[in-house]
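Here is what each chain is made of, one letter per residue.
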Amino acid sequence: QVQLVESGGDLVQPGGSLRLSCAASGFTFSSYAMSWYRHAPGKERELVAAIISGSGGNANYADSVKGRFTISRDNAKNTLYLQMNGLKPEDTAVYYCNAYDFYNDGPAFRSWGRGTQVTVSS
């Protein structure tokens, strides 16, 4: 059974930083590309970043976060990370992780975790 547990969200001032974590279980983590999505009130869910499987580290980012966010993974710990720097109020959202299906350009699993709330406000 796939389980994805996000953590690390908080209230932070503009310009601040956060590191989100996603603990994964129930599947062979290292074999899957992984991703971070976010969902803000009144907006559609948005892909933030995706990283390939294995240890290569190649990643794609939404234009809105490029140069500010870094996705990474620790396959030994079955954990996905999102380092968020230079946070802006428009980054406020609930952040979710999921495996990523590059072929179909979307989340690989139907089930989602509960997400972690990131609020950027002064």
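Calculation notes
Residues numbered from 1 in each chain as written. Predicted model: local features only at pLDDT ≥ 70, side-chain atom pairs only at ≥ 80, totals over all residues. Heavy atoms only, no water. Helix = DSSP H or I, 4+ residues; strand = E, 2+ residues; numbered from the N terminus. Polar contact = N/O pair within 3.5 Å; in protein donor to acceptor, adjacent residues only side chain to side chain. Contact = heavy atoms within 4.5 Å. Buried < 20%, exposed > 50% of the residue type's maximum accessible area, 1.4 Å probe, protein only. Disulfide = S-S within 2.5 Å.

The next thing to look at is the side chain of arginine 38. With respect to the element layout, arginine 38 can be found in strand S4 (residues 34-39). For arginine 38, the side chain forms a polar contact with the side chain of serine 64, separated by 3.4 Å. A polar atom in the side chain of arginine 38 sits 2.9 Å from the side chain of tyrosine 95. Residue contacts for arginine 38: discarding those within four places in its chain leaves Glu44, Arg45, Glu46, Val48, Ser64, Val65, Phe69, Glu90, Asp91, Ala93, Val94 and Tyr95.

Looking now at the environment of serine 30. Within the secondary structure layout, serine 30 lies in the loop between strand S3 (18-25) and S4. Judged by its relative accessible area of 32%, serine 30 falls in the partly exposed class. Along the backbone, serine 30 and asparagine 78 are 48 residues apart, and their C-alpha atoms lie at a distance of 7.4 Å. The residues touching serine 30, leaving out its near neighbours within four places in the chain, are Ser53, Gly54, Arg73 and Asn75.

This part takes up the state of the cysteines. If you walk through the whole model with that rule in mind, you get 1 disulfide. The disulfide partner of cysteine 22 is cysteine 97, and the gap between their sulfur atoms is 1.9 Å. Where cysteine 22 bonds to cysteine 97 through sulfur, the torsion about that S-S bond is close to 55 degrees, and the disulfide is right-handed. Linking cysteine 22 in strand S3 with cysteine 97 in strand S9 (residues 93-101), this pair joins segments that are 75 residues apart in sequence. With relative accessibility at 0%, the residue cysteine 22 sits in the buried group. Using a relative accessible area of 0% as the deciding quantity, one classes cysteine 97 as buried.

Worth remembering: the numbers are spatial, not functional.
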